[in-house]
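Here's the letter readout for the chains.
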Amino acid sequence: MDANEILEYCLSKKGVTESFPFDNETLVLKVGTKVFLLMGLERQPLGINVKTDPEWSAELREQHPQITGAYHMNKTHWNSVVVDGLRKDLILKMIDQSYELVFKSLTKKTQNTITNPL
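Notes on the structure follow. No experiment lies behind these values; they were computed from the predicted model shown. (Residues numbered from 1 in each chain as written. Predicted model: local features only at pLDDT ≥ 70, side-chain atom pairs only at ≥ 80, totals over all residues. Heavy atoms only, no water.)

Before going further, it helps to examine helix α3 (residues 88-105). End to end, α3 covers 26 Å across 18 residues, agreeing with the expected 26 Å (1.5 Å per residue, within 8%). Within α3, the full set of buried residues consists of L90, I91, L92, M94, I95, S98, Y99, V102 and F103. (Helix = DSSP H or I, 4+ residues; strand = E, 2+ residues; numbered from the N terminus. Expected span 1.5 Å × (residues − 1). Buried < 20%, exposed > 50% of the residue type's maximum accessible area, 1.4 Å probe, protein only.)

And the structure:
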């Protein structure tokens, strides 16, 4: 997958916004007010940071050398993922789980605003 495919997939989800709060190279995708994916646009090979269930995080890191604890983030929950060499369905599954985990952490009011916009 390339950066555009990942961005399009993420933006197809409800309540997702994109910004560059840190620099011009790190794309931050949020659901509501919370980050669920970071992507280094200038980084080669392409890398993303996603949140996954801690047990699955450990499993992923054991099975795939391209997946490690995320730099500057809680390594129990966040993974740095080098996209090259990973199956598209696995990348999408990690993105989906990251979105869902973050969405569930939002207040009920924010969740309702996202799922039932005016």
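For strand β3 (residues 34-40), the buried fraction is high: 5 of the 7 residues fall into the buried class. Inspection of the sheet shows strand β2 (residues 26-31) paired to β3 by 6 bridges, in the antiparallel sense. Bridge pairing links K30 to V35 in β3. The antiparallel pairing of β2 with β3 creates a hairpin that spans 2 residues between the two strands, and G32 there sits at a positive phi of about 65°. (Pairing = 2+ DSSP bridges.)

We now examine the layout of surface pockets. To find leftover empty space, a probe the size of one water molecule is rolled over the atoms. Considered as a void within the structure, the largest pocket measures approximately 330 Å³ in volume. Around the largest pocket, the lining is made up of 14 residues, and of these T26, L38, N49, Y71 and M73 lie nearest the centre. Of all elements in the fold, only β3 and β4 (47-51) reach the threshold of two or more residues within the lining of the largest pocket. With 4 residues, the single largest contributor to the lining of the largest pocket is β3. For the lining of the largest pocket, the residue count by class is 7 nonpolar, 6 polar and 1 charged. (1 Å grid on protein atoms, 1.4 Å probe; cavity = no way out; pocket = protein on both sides within 12 Å on 5 of 7 lines; lining within 4 Å. Points joined across faces, edges and corners; volume = space filled by probe spheres on them. Nonpolar A, V, L, I, M, F, W, Y, C, P; charged D, E, K, R; others polar.)

Scanning the entire structure with this criterion turns up 3 salt bridges. One salt bridge in this structure joins K88 and E5, with 4.0 Å as the shortest N-O distance. Note that K88 is positioned in helix α3 and E5 in helix α1 (residues 3-11), a separation of 83 residues in sequence. The exposure class assigned to K88 is partly exposed, which follows from its relative accessible area of 46%. Across the pair R87 and D89 runs a salt bridge, and its minimum N-O distance is 3.0 Å. (Salt bridge = Lys/Arg side-chain N within 4 Å of Asp/Glu carboxyl O.)

In short, shape yes, function no, at least from these values alone.
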